[in-house]
Every structure is written in structure tokens, then in C-alpha cells.
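Examining the three-dimensional arrangement
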Amino acid sequence: MIALSHLQRLEAESIHILREVAAEFQRPVMLYSIGKDSSVMLRLAQKAFHPGPIPFPLLHIDTGYKFHEMIAFRDQQAARIGIQLLVHTNRAALAGTNPFRVGVSRCCQLLKTQALLDALREGGFDAALGGARRDEEKSRAKERIFSVRDASGQWDPKNQRPELWNLYNSRIRPGESIRVFPLSNWTELDVWQYIHLESIPIVPLYFAALRPMLVRGDTLLSPEQPFIPTLPGEKPRLVRCRMRSLGCSPCTGAIRSDADTLPKIIAELISFRRSERENRVIDHDVEGSMELKKREGYF
Amino acid sequence: MFARAAEPFSIESFLAEEQSKDLLRFTTAGSVDDGKSTLIGRLLYDSKAVYEDQIRAVKRASAGELDLALFTDGLRAEREQGITIDVAYRYFATARRKFIIADTPGHEEYTRNMATGASTADLAIILIDARHGVQPQSRRHAFIAALLGIPNIVVAVNKMDLVDYSHAVFLAIEREFRPLHPRAWFVPISAREGDNVVRPSRRMPWFQGPALLEYLETVPLASTGELSGPGFFRFPVQRAIRTNHGFRGYAGQIAAGLVRPGDEVTALPSGRRARVKSIETFDGRLNEAAAPMSVTLTLDRELDISRGDLLTAGDPPQVARSFAARAVWMHADPLTPAKPYLLKHTCQTVSATVSAVRSLEGDTADRLALNDLGVLAIETSRPLYFDPYGRNRATGSAILIDPHTNATIAALMLVGAEGVGQAVPPADRRMTGKTACPTPVTLLERASRFGHGPAAIALRGSAARKLERLLFDRGANVAVLTHWDDAARVLVESAGLLALVTGHSHALPSPGALPADDDAAAAKALAFLLETGIL
Ligand SMILES: Nc1nc2c(ncn2[C@@H]2O[C@H](COP(=O)(O)OP(=O)(O)O)[C@@H](O)[C@H]2O)c(=O)[nH]1
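For clarity, every value in this text was computed on a predicted model and none was experimentally measured.

Attention now moves to the environment of L171(B). Residues and elements named next belong to chain B. Position of L171 relative to the elements: it lies in helix α7 (residues 167–177). L171 sits in the partly exposed class, given a relative accessible area of 33%. The sequence separation of L171 and F186 amounts to 15 residues, and the corresponding C-alpha distance is 9.5 Å.

Okay, the interface of chain A and chain B next. The partner chain B presents 90 residues to the 73 residues of chain A that form the contact. When chain A packs against chain B, close to 7100 Å² is buried across both sides, 57% of that on carbon and sulfur atoms. The salt bridge involving E20(A) is made with K344(B); its shortest N-O contact spans 2.8 Å. For the side of chain A that touches chain B, the secondary-structure elements that each account for two or more residues are α1 (6–24), α2 (36–49), α7 (188–198), α8 (262–271) and α9 (289–296) of chain A.

Tallied over the entire structure, the rule returns nine cavities of 30 Å³ or more. Along its surface, the second largest cavity is lined by 28 residues, and D135(A), A49(B), R90(B), Y91(B) and F92(B) are the ones closest to its centre. Only α1 and α7 of chain A together with β2 (88–93) and β3 (97–103) of chain B provide two or more residues apiece to the lining of the second largest cavity. The leading source of residues in the lining of the second largest cavity is β2(B), at five residues. Of the residues contributing to the lining of the second largest cavity, the split by class is 16 nonpolar, four polar and eight charged.

Below, the discussion takes up the packing of aromatic side chains. All names here are of chain B. Summed over all chains, the structure comprises 19 aromatic pairs over all chains. Centroid distance F323 to F386: 5.3 Å. Interplanar angle 50°. Geometry classified as tilted. Of the two residues, F323 is situated in strand β16 (residues 318–329) and F386 in strand β19 (residues 373–386); the sequence distance between them amounts to 63 residues. One exposure class covers both F323 and F386, and it is buried.

It is worth spelling out the confidence of the model for chain B at this point. Residues and elements named next belong to chain B. In this model, chain B carries an average pLDDT of 84, and 86% of its residues clear a pLDDT of 70 or more. Summarising per-element confidence for chain B, the mean pLDDT is lowest in helix α4 (residues 76–81) (50) and highest in strand β14 (residues 294–299) (98). This stretch, residues 1–6, has a pLDDT under 50; its non-local contacts, to residues over four places away or in other chains, come to 20 contacts. With pLDDT under 50 throughout, residues 419–439 is counted as low confidence; its partners more than four residues away or in other chains account for 61 contacts. Interface confidence for the predicted complex, expressed as ipTM, amounts to 0.90; the pTM equals 0.84.

This part takes up the side chain of H181(B). Looking at the element boundaries, H181(B) is found in the loop between α7 and β6 (185–188). Given the relative accessible area of 7%, H181(B) is considered buried.

Given 3.6 residues per turn, any residue in an α-helix points the same way as the ones three and four places further on. Counting buried residues along α7(A), nine of its 11 residues qualify, which places the element largely inside the surrounding structure. Within α7(A), the full set of buried residues consists of E188(A), L189(A), D190(A), V191(A), W192(A), Q193(A), Y194(A), I195(A) and E198(A). Contact partners of the buried residues in α7(A): α1, α2 and α8 of chain A together with α1 (11–19) and β3 of chain B. Positioned one or two residues after α7(A), S199(A) has a phi angle of 50°, which is positive.

Turning next to the pattern of salt bridges. A pair can form between side chains of opposite charge whenever their charged atoms are brought close. Counting across every chain of the model gives 48 salt bridges over all chains. Between R273(B) and E264(B) there is a salt bridge, with its nearest N and O atoms 2.7 Å apart. Overall, R273(B) belongs to the partly exposed group, its relative accessible area being 46%. Overlapping salt bridges bring together E11(A), R43(A), K47(A), E198(A) and D283(B) as one network.

What follows covers the nonpolar core. Core analysis: the biggest nonpolar cluster contains 76 residues, and F26(B), I125(B) and L148(B) have the highest contact counts within it. Considering each element in turn, this core owes the most residues, six residues, to strand β4 (residues 123–129) of chain B. With near-sequence residues (within four places) excluded, F26(B) lies in contact with L43(B), F92(B), F99(B), I100(B), I101(B), A102(B), A121(B), L123(B), I125(B) and L216(B). Ranked by size, the runner-up nonpolar core spans 67 residues in total, among them I15(A), F56(A), A127(A) and A102(B).

Conventions used here
- Within each chain, residue numbers correspond to sequence positions counted from 1 in written order.
- Working convention: letters from A go to chains and numbers from 1 go to ligands, in the order in which they are written.
- Note on the predicted model: pLDDT of at least 70 is required for a residue's local features to be given, and 80 or more for side-chain atom pairs to be given and counted; whole-chain, interface and lining totals, by contrast, use all residues.
- Hydrogens are left out, water is left out, and the side-chain values use all remaining heavy atoms of the structure.
- Helix and strand assignments come from DSSP, with helices taken as H or I runs of at least 4 residues and strands as E runs of at least 2, each series counted from the N terminus.
- Between buried and exposed lies partly exposed: a residue is buried under 20% and exposed over 50% of the maximum accessible area for its type, with that area taken using a 1.4 Å probe on protein chains only.
- We call two residues contacting when some pair of their heavy atoms lies within 4.5 Å.
- Summed over both partners, the accessible area (1.4 Å probe) lost when two parts come together is defined as the buried area.
- Any Lys or Arg side-chain nitrogen found within 4 Å of a carboxyl oxygen on Asp or Glu counts as a salt bridge.
- Cavities and pockets were defined on a 1 Å grid built from protein atoms only: a cavity is a group of points that admits a 1.4 Å probe but offers it no way out, a pocket is an open group of points flanked by protein on both sides within 12 Å along at least five of seven lines, and a lining residue is one with an atom within 4 Å of any such point.
- Grid points are joined across faces, edges and corners, and a volume is the space filled by probe spheres set on the points.
- Under the scheme applied, nonpolar residues are Ala, Val, Leu, Ile, Met, Phe, Trp, Tyr, Cys and Pro; charged residues are Asp, Glu, Lys and Arg; polar residues are all the others, including Gly.
- Note on ring pairs: Phe, Tyr and Trp rings are taken, using the six-membered ring of Trp, and paired if centres are within 6.5 Å. Classes follow the plane angle, with under 30 degrees stacked, over 60 edge-to-face and the rest tilted.
- For every residue, the predictor states its confidence as a pLDDT score lying anywhere from 0 to 100.
- Here, nonpolar core refers to any group of buried Ala, Val, Leu, Ile, Met, Phe, Trp, Tyr and Cys residues whose side-chain atoms link them within 4.5 Å.

Set out below in C-alpha cells:
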């Protein structure tokens, strides 16, 4: 008898989902955020269609403010795997928009949410695969694996389709689309273990290194973007730190850490008692903010 | 994320230990205020699956002491109404196992939600408030758990602190519930105080069993391979994979059983046979693969196979365009007989109409509305290749979709091509039969007590007598009948009887050819009842 571990079960489920998407949609696309979850999702897609090619392109919503290392990693991975990479930026908004000028939520709204909706519409994509996990945030815990968005890209948490067994309903009306989350049932720890076990490449920013940072109390902020306002006399200092989750450099805090290998990251994670989004400025407003963003169409 | 002793921590041994952990999916059911959210919050909190920042947020939101229920109350709309409205999934792990909880709320939409959570669950926890005892809803929860084929049932008698941790109260509830689910495990708890949830309680020395969490950590997980028997293999083809280099394989998730290179498989619908040449994965070829792995199979000869086809070995599946299915109605729009629906089963979607309806609860049913349970006679545009749900969930389940709204409107548990399981095939082979007069005891209550609905199978007399004894000892409401006619049918329906009909009757399902030895024949017939989901 073959006894499957929890990771093997999760892998089997995710591969099944990816294949369903490829089979049931006209124009699926995989949203590639360059983070660890996207890296796992991409590996699962390789597994799902092996030895054939992955039958859909990757789409990266580039806000313009991603860490430079992320962009380099993105291009290198796409070339290595030989997959088509689409990059979309809300150029019209970019000129006058940054989190300090318009506020974090407006900035996200224009450069992430709006850009994503535009890219999906322009590409005519009827399904978008995303790497979100249900354990990330309370409002995600209720989201279906196949999650319908109306014509304006919005999610209605009160009107979701029941989802039973592994039978996914992929039917949509013109204009609607479906977001599909193959990693729904993975936890943060599962993702890290899988990366370790499978030797999946990830952006080096996840590993601790000496990096120049603006140190503000507990917050470590990257000075990569020139528009970051500095206090009088404030200079970046070299701090041993790493990123727990990746986003835009002006809004992603680093954490002090010596974890420069995967086992050390995992050891840190299990002793670490804070959720991964806490160091993201994005979630610092009201409780329930993620749900508001999702209703608006944020992934 | 885990409670760890102070001994020096070795990440290598931790990782090795982690890799071997398996996964238990469970669901929780209870009426509003039975303490379900508190129990889940307690499991998450005591097993250290919640983060400090979440604890801070919950502390801020709690009036007075830490309100554990707030760890799981998610959406804004629910927060405003003060109830949970939908299925939510939670994750935690202990040193022994990983867990996925399908948290389903207990208000009036619970049937739909519970069925959803139950569809993927290995275990259900049914909560009972010690003060109120077994409620009609508890019976319904037990029934839905059985209907959805959840292998393990735990009955958690909660709020023991409010009944002075009384053994007598616990025993009375156990006695009353036990007949509804003979294999259930009972545990007295206080979710709020933590007794017997994560740690054994000192306040109930009379309880000998482990705490709930230890039970969850150690309950054996039946694998699909074992359940369905040796040689049994089901592989719905999701997608053909071809490359420019001439590779041709069939991708899918194994729905039952085990496969090895060299095994002979039959492709349906063509009925053509081939041998498995290789089991391909990104990580290399495998010597064997089992449910629920996702793999790609290559065959030793070209068969014309596409998405929705089934590769099978062992007992053949049923192949039918018209069959019976038990249904949970999931949508506010009621069932409309003869309306064209879509039916998704494994990897194929076909059009389907419902030709007849029977409710499990009432006598007549020309409609099925939100949260109703019933038995449907279904006809599809193309044949399905399926197994009775009781034998294999993955090839025995289906959903109905409304082609106009695209809503998922029903969950179906396929029963069989002719055998209508808990329904009795009426003389005219339609299922619209009316029963005698309305009775204060519903069919559902009878089914909950006896562990089966009304049903009749055909069997030779000497074997029927042996089987009658076996079934009676299991608590069934069983009788041997010598003829099958309309009068017998009314009797069976109104008494919720399981009838073993010895007279010649083609209209009834039967276990097929039976061994000459009566004991062996009775055992085989019993297996048939279990497989077809009649029991
Ligand atoms: N005394 C006592 N109260 C409890 C217990 N479990 C839950 N409660 C309370 O019962 C009420 C309903 O609990 P909740 O978890 O919200 O119930 P749900 O509707 O089933 O999710 C809350 O006031 C809880 O504090 C228990 O074991 N003992």
C-alpha cells in the first residue's frame, strides 16, 4: 500500500486543479507574482503537463515598484522553463502614483488592482490562476478554489457556488471570469517544506543577507525607490535581514534574520509567532481590509 | 507554529518528521450556539496554530475574556450578523498529523454547507449541547454525514461545564445517539474551558478515552485503495498529453485503486483494452501509483482516448444513461423535472434531465428545494461510467449545474443503474409513487434509526434467512417477503423496511450470482448492500 504524505496529497490535488483549468477554459493564464507561492505554483504546472509544455502563459502585473532582484529572477525563470511571459503595467497611472503621494490603498488600487483587471480584459483571459492560500488571511478561508468574478472583476462573498469533492464548476457567462487557486489548501509551512524538498528556485531576497535598509523602529524599509522620503540625516544602514513575503519595495518591510538557508527559514517560521502579512504595509489599515480589496477586484 | 519542548531543536529531524505526516480532513456540524466556533478556536489556539498578531486582534475584539470563536468568524457580513454563513477552511498541525477543517455553520442553510464540507471529509465532528441533548438537527447531521459517506464520526458533547461535568448526562446522550450511528465515538468536552479538547480533563475522571485532539491524531485513515478492494482501479482521463517528440499519455488523478506498469486496463466507452506501459511524472517514472495521485499513463497501444474517458480494471463500473442518485439540493431555485441541466461527473460534463423525484423526508415529492434531500431518477445525453457512491466517492459523485445561471444546484451521490438504493423501484419503474397516509414519523427518522432507508432486494430464500439474522443484529429494520407487488411496496415505504424478497422479481436490484453456501451467499449479499449504499 502506498501511504501518501500530506505534501503528496496537496500536490496531487493542485495538479488535478491545474489540469482542469487547462481542459475547461479557452484562455487561461497564470498570474505570476514572483513570490514563493508563485514559484511553487509554477513547479506544479510543470508537473501537471510533463512532458508537455505548460499550456498557458504567465502574467506578471508589474507595478514598477517591485524589487529589482524580483524582476531579474522573473525573466531568468521564464527563460529557463521556456514559458511565455506577459508583463503588464498601468503606465498611464504610474507617472503620478506612488504610495507616499497618493496613499497605500490608492496606489495598490491603480497599479495592482486596476492593472490586473485591465490586463485580464485586454488579454481576453477567462481564467486566472493565482497562488493565494486560504491560511493567509481570514477572508480567504471562505474562498472557493474556482472563484467567480463578475464582469467588473468583483468577488461576492455571499454568492459563491458550493464546491464539492473535486468537481469544479468552470461555467461562466460572457464577461465573467474565474480566479483559480490551486494552492488553496497549502499552508505557509507546507509551501516552504515543498520548496526545500523539491529544490525550487526562489528570489534571493527571501534569504538573510546584509542589506542597506532604512531602520525605523521595528520597520526595515528598502531605499531602492528614490521617492522614499527620508528623515533629516537618515541614511540606510547595513542590516542582516530578509523578506518574509515579497511585494513592492516601498511597502514591504524586511525582518531581521540570520536565516540564510531553507532549513533555517523553516526553523524561523515555526518559532515565529506572527503571520506573514504583518510586515506588509498593505494590511496595516482596518481589520477586514483584505476583504474590501477583494470585493474591488484585488486578487 | 507548534508547541515544542525545550530540548535542543533539530531542524533536520523536524523536516524528516514533517515529511512523513499524513493529512486528515474533517468537518464540524452543530446547531447555532452549540459551540462550534469556540471548539475550532480552541483547537487552533491550544495547538498554537494562530499567530500572535491574530491573538492580539481577537483580544482587542473580545469583550472581557478571550473569545475563541473570533478566530474563525471571517467575513464582514457575518461579523455584522453575528453568525458564520458559509463553509470556511482552517489549517493546523500537530507533531503527528496535518489537519484541514471544513468549518460549516449551523444555521438554516446547514444542509448545503455541511454536505459541501462533508464531501471531502475523512471525519465529522457532530456537536451536541449537553444541556439540550440530541436535537432533530443532530439527527439530521448524523444522516448527512452518512449520506455523504464520511468514514468516521465523532460526537462531541459540549458545554459539560454547564451540566456539572455529569456522567449521567453524557451517558443519556450517548444512549440516545448511538443507534443513529453505531460506529460513532463519543467524547464529553467543554470547548470554552478546554476540557478533553487538547488535553484530557481532570474534571471528568469517569471518562476513560483520549482527548478529542489525540483521537483526531490517531484515528486510522482508510485509503481509497483499500476501500475498493484488490484489482479495482479507476482513472478518469483529464487530458491527453502529446509532445512533438511523439509522446502520448493520459493525465489524470487516480480515483480508486492502484496501478503498475504491465497492468491491463479497459478504456471506456470504447471497451478496448491495453496494457499500461509506464507511469510518467515530472520526477521520473514510477513502479506503482495509487489514489489519489495525479499521474500520466502511457499505454502499449494506440487507443482513441480523450477527456472524460475512463481507464478501469477490476470489477467493471456501471455504464448507464439512466440511473438513480441521492441528491442534496443546493440552490434557491427548486428542481424542475424535465428541465435540461448539466451534470459534471469525473472529467465529463453531459446534459441531464431529472425524470422523477422522491423525497427522503416526505411521501410525495414533485419538487426539491434548497437544503432538501431526495432521490432522483436521472437521464443523461451520454452514458456515465460510474460506481455506486458507497463503493467509491470519486467515481460515484456528480454535481448538477443550471445551464442558464451556471449555478451549482445539486450534489449527487450515484446509486445505480437500476438499483435505486434507498428508494424502492415502483412497479412502473418510475419513482413518483405515493405512499399511504402522512405519518408523524418521517422516513428520515426511520432511516436515521435503522441505518438504512426503505429498500428491497431480490435474494434466494435460504440465503435471505441468513442475511435477515445478520441485518437484524446490525440493527436493521429487516423482513423477508415472498412476493413483490404494490402492497409490499407501500409496506416497505411506509415502514422504512429493508425487504429481502425471495419470490422471482426482475424489478428489484440483486447481488447477482451467489455462492451455493448460504453463509457465503449472505455475506456477499451484505457486501452488496454496503457497496450500493443501501446500508
Ligand atoms: N459554558 C460554556 N459555554 C460555551 C462552551 N462552548 C461554547 N460556549 C458558548 O456558547 C456560545 C456559542 O458558541 P459559538 O462557538 O459561537 O457557537 P456556534 O454557533 O456553534 O459557532 C458562546 O457564548 C460560547 O462562549 C462551553 O464548552 N461551555
